[in-house]
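# Residue-level structure breakdown
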Amino acid sequence: MKPISYAYIETTSYCNLDCSFCNRKEVVSNSVNMSIEDYKIILKKLAGQDIKEVKLMGLGEPFMHPQFHEICRLTREAFPRAFIISSTNCQFSLNSNVKKSLQYLDLLYLSIDGASKNYEKYRKPAKWSKLLKFLLALSETDWHGCRIAINYTVNPENVNDIPKVEKMLDHYGFHELRLNIVQNWSEDQSAEAVISGFTQVQLDFLHNSYKHLIKGKAAWDFSDCFWVKEGIYITATGDMKVCCMNTSTKSIGNVIRDISIQELRKSKRFIEISNGCLSNVPTDHCKNCSYKELIPILSKLL
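In this report, the structure presented in the accompanying data block is examined. Computed from a predicted model, the values in this text were never measured in an experiment.

About the cut-offs
- Residues numbered from 1 in each chain as written.
- Predicted model: local features only at pLDDT ≥ 70, side-chain atom pairs only at ≥ 80, totals over all residues.
- Heavy atoms only, no water.
- Helix = DSSP H or I, 4+ residues; strand = E, 2+ residues; numbered from the N terminus.
- Rg over C-alpha atoms; globule rule 2.2 N^0.38 Å.
- Buried < 20%, exposed > 50% of the residue type's maximum accessible area, 1.4 Å probe, protein only.
- Contact = heavy atoms within 4.5 Å.
- Lys, Arg positive; Asp, Glu negative; His and termini not counted.
- Charge placed at Lys NZ, Arg CZ, Asp CG, Glu CD.
- Polar contact = N/O pair within 3.5 Å; in protein donor to acceptor, adjacent residues only side chain to side chain.
- Phe/Tyr/Trp six-rings, centres within 6.5 Å; stacked < 30°, edge-to-face > 60°.
- Axes fitted to C-alpha atoms, helices over the stretch in contact; angles between N-to-C directions.
- Parallel < 35°, antiparallel > 145°, perpendicular 65-115°, else oblique.
- Left-handed = near helix turned anticlockwise from the far one by under 90°.
- Arc of directions from axis to C-beta.
- Pairing = 2+ DSSP bridges.
- Salt bridge = Lys/Arg side-chain N within 4 Å of Asp/Glu carboxyl O.

Turning to the overall build of the protein, a few remarks are in order. On a plain count of helices and strands, the protein comes out with 14 helices and 9 strands. For 302 residues, the compact-globule estimate of 2.2 N^0.38 gives 19 Å, and the C-alpha radius of gyration of the protein, at 19 Å, lies within 12% of that figure. By its C-alpha atoms, the protein is 50 × 45 × 35 Å across when sized along the principal axes. Taking all 302 residues of the protein together, the buried fraction comes to 53%. Nonlocal contacts in the protein, meaning residues at least 24 apart in sequence, comprise 74% of its contacts between residues at least 6 apart. Counting 38 positive and 33 negative side-chain charges, the protein places the averaged centre of each group 1 Å from the other.

This is how it looks when you write it as structure tokens:
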């Protein structure tokens, strides 16, 4: 078992939106902010691992945690050479929490999936006007070297909005646009119905104009899964799950309360899921994995 190199940590499950492609309602029964004390326990238990990348995000809006800037500072202190990433839905007034956090982040994703009406449709009750106000304020803020990227979830109905959102890069001085084909995060559900909605014209448009911005792999099998080899996903309550691709699955154990992360990685269920991936005979946990489901469409786009 390799040391953990990639840590995906959700420090809050509070969110101010109800996005159409998010399964948060199915998974989160009581929203919580992880305490600083509990976060320190997690960092201590990750000490000694080969952490190269940390994502501070999940089923909540990261900046709804009132001490998120302190979480970012502690993360940088614990893993000074790690690449630290977070995200935001931009649906609040830019505040000191954001400004202070930028000192410690390497990359901040701005979740923008469509323009105007489409944006408001998929990220209810988001307002386009509120987004623009946030973006303007962010453009006038010191980023402290943090890269700012627009993270765009592509579905059959918002494909034509991509050029409009792309123009925001120059307008606000942001660094990049990242395109992600829509996925499903639930263990018992498939994204096939949504994916099959793309027309050939749309696929050709994406391939010809935006191939270089689409994230994902056109050739992937379960044995390629890095999560079971060197990744970890921890929820706002400290529960450890195998990966963030399946947020609805039950917990392997609790990182805050249980003995050690290594013991949890040696548990019967984790080993079963891991062996299923490595042998390309996935368990129910992995059978609807978007990495695999997206292969047919990504092979046409990339």
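Now that the structure has been shown, the text picks up again.
Before going further, it helps to examine the side chain of Thr 12. On the secondary structure map, Thr 12 appears in the loop between strand 1 (6-9) and helix 1 (24-27). Reaching out from Thr 12, the side chain makes a polar contact with the backbone nitrogen of Tyr 14 at a distance of 3.1 Å. Within the structure, the side chain of Thr 12 is placed 2.6 Å from the side chain of Asn 33, a separation counted as a polar contact. The residues touching Thr 12, leaving out its near neighbours within four places in the chain, are Val 32, Asn 33, Gly 60, Glu 61, Pro 62, His 65 and Ala 236.

Attention now goes to the packing of aromatic side chains. Following the criterion strictly, the structure yields 14 aromatic pairs and no others. Taken together, a centroid distance of 5.8 Å and an interplanar angle of 40° make the contact between Trp 143 and Phe 174 tilted. Placement of the pair is Trp 143 in the loop between helix 6 (128-139) and strand 5 (147-154) and Phe 174 in the loop between helix 7 (162-172) and strand 6 (176-181), with a sequence separation of 31 residues. No difference in accessibility class separates Trp 143 from Phe 174, as the two residues are buried.

Peptide bonds are, in most cases, trans, and in most cases residues other than glycine have a negative phi. A cis amide bond links Lys 124 to the next residue, Pro 125, at an omega of 0°. Its place among the elements puts Pro 125 in the loop between helix 5 (117-122) and helix 6. In this structure, Ser 116 takes a positive phi of about 50° despite not being glycine. Relative to the assigned elements, Ser 116 resides in the loop between strand 4 (107-111) and helix 5.

This part covers the packing of helix 7 against helix 9 (residues 200-210). Remark: helix 7 packs on helix 9, axes separated minimally by 13 Å, with the N-to-C direction vectors making an angle of 25°. As far as their axial angle goes, helix 9 and helix 7 are roughly parallel. Seen from above, helix 7 lies across helix 9 with right-handed handedness. Residues Ile 162, Pro 163 and Glu 166 of helix 7 pack against Phe 205, Leu 206 and Tyr 210 of helix 9.

Within helix 9, burial applies to Gln 202, Leu 203, Leu 206 and Tyr 210. Along helix 9, the residues classed as buried sweep out an arc of 100° about the axis, all on the same side. More than 90 degrees from the buried face of helix 9, the exposed residues found are Val 201 and Asn 208.

Moving on to the pairing of strand 7 (residues 231-234). Residues Gly 231 and Tyr 233 line one face of strand 7 and the alternating positions Ile 232 and Ile 234 line the opposite face, and both faces are buried. For strand 1 and strand 7, the ladder comprises 4 bridges, and the chain directions are parallel. Paired with Ala 7 across the bridge in strand 7 is Ile 232. In this structure, strand 7 lies alongside strand 8 (residues 239-241), joined through 2 bridges in antiparallel fashion.

Moving on, we get to the pattern of salt bridges. With the rule as written, the count across this model stands at 12 salt bridges. Between Glu 70 and Arg 73 there is a salt bridge; the shortest N-O distance is 2.7 Å. Here Glu 70 pairs with Arg 73, and both are found in helix 3 (residues 68-78), just 3 residues apart, close to one helical turn. A salt bridge links Arg 123 to Asp 113, with the shortest nitrogen-to-oxygen separation between them at 2.6 Å. Residue Arg 123 is located in the loop between helix 5 and helix 6, and its partner Asp 113 is located in the loop between strand 4 and helix 5; the two are separated by 10 residues in the primary sequence. Asp 113 matches Arg 123 in its accessibility class, with the two residues each being buried.

Bringing helix 3 into the picture now. Listed in full, the buried residues belonging to helix 3 are Phe 68, Ile 71, Cys 72, Leu 74, Thr 75 and Arg 76. Elements that come into contact with the buried residues of helix 3 comprise helix 2 (36-46), strand 2 (53-56), strand 3 (83-88) and helix 4 (96-101).

In short, shape yes, function no, at least from these values alone.
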